[in-house]
Structures are given as C-alpha cells and as structure tokens.
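Chains, contacts and geometry: an overview
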Amino acid sequence: MMGVESSDCTVAIGRPLREEITISILESSLNCSAGEVVLFSGRMMWRTGCRKLPLSLINSRTNTLIVKQRVLLPGNGVILQYNSRTATKKYYQDCDKQLFGPQGEIVNPVQLPDQRQEVVCRTFINVAPRHRIAIRALYIDLGNETHFNYILVRDVSTMKTMAFHGKQQFFWQSTGSQAEIEFHENVKDHRTSFWAEYHAIELK
C-alpha cells in the first residue's frame, strides 16, 4: 500500500468461515505527526496504529478484515503480509453462510433435526471496498406474523438494523460494503421461505 495515488486506500481480505486472518506489518513509512494512520477493522476487532508498526501482528479473530490507510505525503504507506489459518475460537454457527463477490443469491438456512433450534443463523455478505450492497427479496413467506418469525438485515457500517416479517417483499441498500442477515426461529424450518438476490453498486 505504498506509492498509491489516493490519500485514502482500502483493502478487503476475505476467507472462508472457520478461518481467521493474521497480518504482519513488514514496513511502514507513515508520518505519524502529520496524522497518517492505518485502520484494521473486522466483525470482532477494531484497531488503529502508526507508531511501532513494523513487526506488529494483527489477528482478525474472524474470516474477514478491512485495512484502511490514510496518508498525506505522496509515497508513504505500509507493506503488509497476510495469512489465514483455522480459527482458534469458533465465532460462527454451523448454519452460517459467507457470501463474497459482486452478486449472489440468498436463501434461508435449513437446520438439521439434531441442531439446536434456538441458534440464530446468519448470512454475511462482503463486497469490494467503495461499493454498497443492494438486496432484493424475490420470494418471502415467513409464516404467521409473530414475534418469533422474522429476519433482520443489518448495515455493518452504521449498525442500523431493519426487521422483516410475514410476506413483506423489500428492496434494501447498505451504506458500505458489508451486510448481515439474521434468520430467527421458524424461518429455519424445512421449507424454502426466503429467496433474495444481491448485487454490488459502485459508489460514485
């Protein structure tokens, strides 16, 4: 991330669920007194730094990590190396799904009979930096409209969450490049009750 033309540079790293990411900072020419900084953020961690960066190790604790660099002087920046490995602590449910890429399909998870019913299943969506996510529900039937049958759609950038019940079709957009969907209670039974498509929209 050295010699980039933009003062703000963002790199997104994604790996399959069950893995976590470790970043080594090999070199840094950031000018800390000028306010140059690098930010590391994930679902379970948030860290900024500038001083004493070389030889530092950053652990994402999950399978995704976003690195944002802000420089003021041309040519300054950092050189990073990342690796992934099996996570030391389980941060996901077996019914969770991870979606990457510019477009894809979202369906409700189906739990096996031996799985605990109180588990909330999630779908994580990550697209490229400087993009937002648009989700269009094509078919939705969450059964009787109760407090127990619903899905939550969360904009990770703002942490704002919307709830959808019954047969309420919707079109939803995020403000950033990450979104989460939570499927609650009876949404996880053996009939397909939710089907949607998502696509990435480049920020202008």
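In what follows, the accompanying structure is described. (Residues numbered from 1 in each chain as written. Predicted model: local features only at pLDDT ≥ 70, side-chain atom pairs only at ≥ 80, totals over all residues. Heavy atoms only, no water.)

Strand order in the open sheet formed by four strands is β9-β16-β11-β14, with antiparallel pairing between adjacent strands. Across the chains shown, the open sheet's two edge strands, defined by having one partner strand only, are β9 (103-107) and β14 (171-173). For this sheet, the mean angle separating the axes of adjacent strands, direction not counted, is 20°. Both β9 and strand β16 (residues 194-202) contribute to a ladder of five bridges, which runs antiparallel. In the sheet register, Gln103 faces β16, and the bridge partner there is His199. (Pairing = 2+ DSSP bridges. Helix = DSSP H or I, 4+ residues; strand = E, 2+ residues; numbered from the N terminus. Axes fitted to C-alpha atoms, helices over the stretch in contact; angles between N-to-C directions.)

Before going further, it helps to examine the nonpolar core. Membership of the largest hydrophobic core comes to 20 residues, with the highest contact counts inside it found for Ile106, Ile125, Ile135, Phe170, Phe194 and Tyr198. Listed by contribution, the elements that provide at least two residues to this core are β11 (131-140), β12 (150-155), β15 (178-184) and β16. Top contributing element to this core by residue count: β11, with four residues. When neighbours within four sequence positions are excluded, Ile106 is seen to be in contact with Leu99, Thr123, Ile125, Ile135, Ile181, Phe183, Phe194, Trp195, Ala196 and Tyr198. One finds Ile23, Val38, Ile58 and Val67 within the second-largest nonpolar core, a separate group that totals 15 residues. (Core = buried A, V, L, I, M, F, W, Y, C linked by side-chain atoms within 4.5 Å. Buried < 20%, exposed > 50% of the residue type's maximum accessible area, 1.4 Å probe, protein only. Contact = heavy atoms within 4.5 Å.)

All right, on to the pattern of salt bridges then. Across all of its chains, the model carries six salt bridges by this definition. In this structure, the salt-bridge partner of Arg15 is Glu19, at a minimum N-O distance of 2.9 Å. Here the salt bridges do not stand alone but share partners, grouping Arg154, Glu180 and Glu182 into one network. (Salt bridge = Lys/Arg side-chain N within 4 Å of Asp/Glu carboxyl O.)

Reading across from one edge, β1-β6-β3-β4 is the order of the four strands in this open sheet, with antiparallel pairing throughout. The open sheet has two edge strands, β1 (8-14) and β4 (46-49), and neither has a second partner. Direction aside, the axes of adjacent strands within the sheet are offset by 15° on average. Inspection of the sheet shows β1 paired to strand β6 (residues 64-70) by seven bridges, in the antiparallel sense. Note on β6: the bridge partner recorded for Cys9 is Gln69.

So, about the packing of aromatic side chains. One pass over the structure, following the stated rule, counts four aromatic pairs. Centre to centre, the rings of Phe164 and Phe170 are 3.8 Å apart; their planes meet at 15°, and the pair counts as stacked. Of the two residues, Phe164 and Phe170, both sit in the buried class. A cation over a ring is seen here: Arg43 above Phe124, with NZ or CZ 3.9 Å from the ring centre. (Phe/Tyr/Trp six-rings, centres within 6.5 Å; stacked < 30°, edge-to-face > 60°. Lys NZ or Arg CZ within 6 Å of the ring centre and 35° of its normal.)

This brings us to the state of the cysteines. Taken as a whole and judged by the stated rule, the model has two disulfides. Paired by a disulfide, Cys32 and Cys50 hold their sulfur atoms 2.0 Å apart. Here Cys32 and Cys50 share a disulfide; its torsion about the S-S bond, -95°, makes the bridge left-handed. Of the two residues, Cys32 sits in the loop between β2 (19-28) and β3 (37-41) while Cys50 sits in the loop between β4 and β5 (57-59), which places them 18 residues apart along the sequence. With its sulfur 2.0 Å from that of its partner, Cys95 forms a disulfide with Cys121. (Disulfide = S-S within 2.5 Å.)

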